[in-house]
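Structure assessment
Spelled out from the first residue to the last, the chains are:
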Amino acid sequence: MSVDLEKILRPVDTPLPKFPAKYMTLANGQEMVVRQAERDEIPDILPHVEPLIHVERDFYNIVAARLYSELLAYYTYRVQDEYVLVAQIDGELAAIVNGRSVSPDVGMSYHTFSLRRGLRVGAHAFATKMEYHIDILKQKEVLIVAESGIGFRRWMIEYNLEKRFHIPHELGGCPSWSLTKELFDKARNTLVVGRRPVPEHLLEKAKAGILPPSDPPKGPEDLLAATRSMLDSTATSLIEMRRKQGGKIK
Amino acid sequence: MREVYVAGIGITSFSRLEYPLVEIAAYPGLMALRDSGLKKVDHLYVANMGGGRINGQTGLASAVVDHMSLTPAGAETIENGPASGASAIKQGYMAIASGMHDVVMVIGAERMREANPLEATDFVATLTHPQAEYIYGVTLPALAGMFTRLYMEKYGVTARHLAMVAVKNHKNAMDNFFAHLHEDITIEGILDSPEASTNNPYVADPLRFYDVCPVSDGGACLILATAEVMKKINKPMIRLAGIGQATDTHCVHERKDPTELLAVREAARQSFKMAGVKPSDVSVAELHDAFTILEIAESEEVGFFKKGEGHLALERGETQIGGKIPINPSGGLKAKGHPVGATGVGQAHEIVLQLRGEAGKRQVKNAKVGFTCNFGGFGNNVVCLTFIKE
Amino acid sequence: MELNIYAYKCKRCGELHYPYKTICKKCGENDHNEFDIVPLPKKGKLLTFTTLYTLPSDYEVVTLALGIVELEDGNRITGQLDIKNPKIGMKVNGKVEVVRKDLYKKHLGMIFYKA
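Predicted model, so just to flag it, every value in this text is computed and none were measured.

What follows covers the overall build of chain A. Along its length, chain A carries nine helices and eight strands. Scaling as 2.2 N^0.38, a compact globule of 250 residues should have a C-alpha radius of gyration of about 18 Å, and chain A matches this with 19 Å. Summarising its shape, the C-alpha atoms of chain A cover approximately 60 × 55 × 45 Å along the three principal directions. When burial is assessed residue by residue, chain A has 38% of its 250 residues classed as buried. Taking all contacts inside chain A whose residues are at least 6 apart in sequence as the whole, residues at least 24 apart take part in 62%.

Written out as structure tokens, the structure is:
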């Protein structure tokens, strides 16, 4: 008697509407395409997330580490109703946003991960994620937490999110904030941007493959100086971590 | 009074620096010593605004002088808000011109990004008047927003003109290795496209994201010396020929005509008079564009253009590199960055580079007279410097 | 009890100062504290304004409307605005209310409404 173990271990996904791709012009005139990633594209995305697990700045390390596990969970069918959206500029990976659907009315936002700094890519990506939950999945609210102060300022403060502190968020059980449909509708004109349909040539370039980001966030160029800047004379934190990686210490 | 020359210069990149504040100050000092060939200085001035509050380091100059093994030279920290840099250069000038010292090192340094953005905003807001502005939640961008609205109403400056300043300065910064932002933004991206409201959201309307300079870390250094020292080290003779400083009311609302920057006007006048040149003699200028409107307003107040016509000259391309009076070839505060204490010294660094003919792709041809305007608070304390190539 | 914002009147020459200055800006001759307090008028016209989006950390609101008002007696004051569509030159009436709260204190200042 054989048991289909995989069938037992996989959660049963609810059929969810796909995210219709959109595009937007960035401040430098380039165009960015945001589309839903297919499961089999995840292995192409993981190598660009991994290096940031070792960047101890702006909470890149925890966001990258958690995102990596969420992407892997999606790829190996170990999470229910997760979606992954990717933003690409000229095919290059610029941002990843993900989350999942908890119920027909409630969405759970996971992460907003930006690999291209300085062009408000994160703002565009986050807004697109909210559009997916509210407009496309037609949910009533999305639960959100922020790991970094920058996230907090841009989302909790700017969108004026409601407190749902009695609901533990799936990210670490922290008190949740909520973007309700009303709040989203209020902000629609200024914060929800982008156009559809995506022009053929842009969509083709994006779908052709996920190219590595040309200038992703990196760790400090001078590890010893960085540890000194954190008032650490023993040079323990960053160096130890780098040593474990087998990397060179300047 | 003796003549004062620039013997050496140094600068860090103005971006996010994961170095202690003291090292951000020391590195350009080291570069300037190597540039000048000098081994020692008689005195050190360090311009800095946030050391105590943001970085937990008061008495910065005392820390830097030892860090650079320059003890027992005297050292002082100079704080004049965003005009700290030019004020420190002024102190260096007076030390040499008076005969007290022969070689003085002036460093400007700031590490603002050690704090989170909310703390950085609060910190800069302490420049405002405590009872009459601060309690209302007024920040420098708020004052600039109110100023911009009046300027638009009175002189017809539009959002497009502000965007043109940002685009020009970003373009200039693409050729500046040290600049904070290397982003070739376009008018389409920040103003015309349907996504402009997310790309370029309002900060203090009518000012938008790309009208406000970034929060930067950075350091810059100038070594000033007498003519005798200059002869020995065989460096180009760039003379600090004119200095001007003036103040205005603390509260912006107390100014007779809030569209006038009287402190800029007076400081520039003094600086040109002392140097013996006119605004029309200036080959290249670095103006304080913490907000894009300020580049336009200052270009008028210092005398490059008539009051209310700065934006027209901008339209005609007169302030581009290659134009009649190139302004902010380095990218200005908008694209090069604004580490508050370092900015004034950074502006002087760019001017010296230009007058020496060492500015590479952003070189202004035949630069002979350079001018900087370092704007403290919101126009209530301004220091202007004039440099002449001999 | 209606609250006021006070201007300081030099006892020697009568010049009004808002905010307080230690030395009279007109005659410069006063002794220390040689000022009378005079309540500022509350009616005026709006000279300029802005809506601030990047607020200091003490504030829980998303935006803050700020403006400079020229009061009836010619003095000027910076204040918050509770006005939907402010316009330059608009007539406004002020009221002294809480304008900022930090950890332990409430700060009072002028909030202007459309007249």
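Having seen the model, we can carry on.
Next up on the list: the overall build of chain B. Each helix and strand in chain B was counted, giving 14 helices and 11 strands. Taking 2.2 N^0.38 as the reference for a compact globule, 390 residues should give roughly 21 Å; the C-alpha atoms of chain B span a radius of gyration of 19 Å, in line with that estimate. Its C-alpha atoms give chain B principal-axis dimensions of roughly 60 × 45 × 40 Å. The 390 residues of chain B split such that 65% are buried. Across chain B, every contact between residues at least 6 apart in sequence was considered, and the portion connecting residues at least 24 apart equals 77%.

Residues and elements named next belong to chain C. With antiparallel pairing, three strands are arranged side by side in an open sheet as β2-β1-β3. The open sheet terminates on both sides in strands that have one partner only, identified here as β2 (16–17) and β3 (35–39). Inspection of the sheet shows strand β1 (residues 6–10) paired to β2 by two bridges, in the antiparallel sense. Pairing of Tyr 8 across the sheet is with His 17, part of β2.

Attention now goes to the interface of chain A and chain B. Contact residues are listed per partner, giving 25 residues for chain A and 23 residues for chain B. Mapped onto the side of chain A that touches chain B, the elements with two or more residues apiece are β1 (22–25), α4 (121–136), α5 (149–157), α6 (181–191) and α8 (223–229) of chain A. Here the side of chain A that touches chain B gets four residues from one element, more than from any other, and that element is α8 of chain A.

Rules used in this analysis
Residues numbered from 1 in each chain as written. Chains lettered and ligands numbered in written order. Predicted model: local features only at pLDDT ≥ 70, side-chain atom pairs only at ≥ 80, totals over all residues. Helix = DSSP H or I, 4+ residues; strand = E, 2+ residues; numbered from the N terminus. Rg over C-alpha atoms; globule rule 2.2 N^0.38 Å. Buried ≥ 20, exposed ≤ 12 C-beta atoms within 10 Å, placed from the backbone. Contact = placed C-beta atoms within 7 Å. Pairing = 2+ DSSP bridges.

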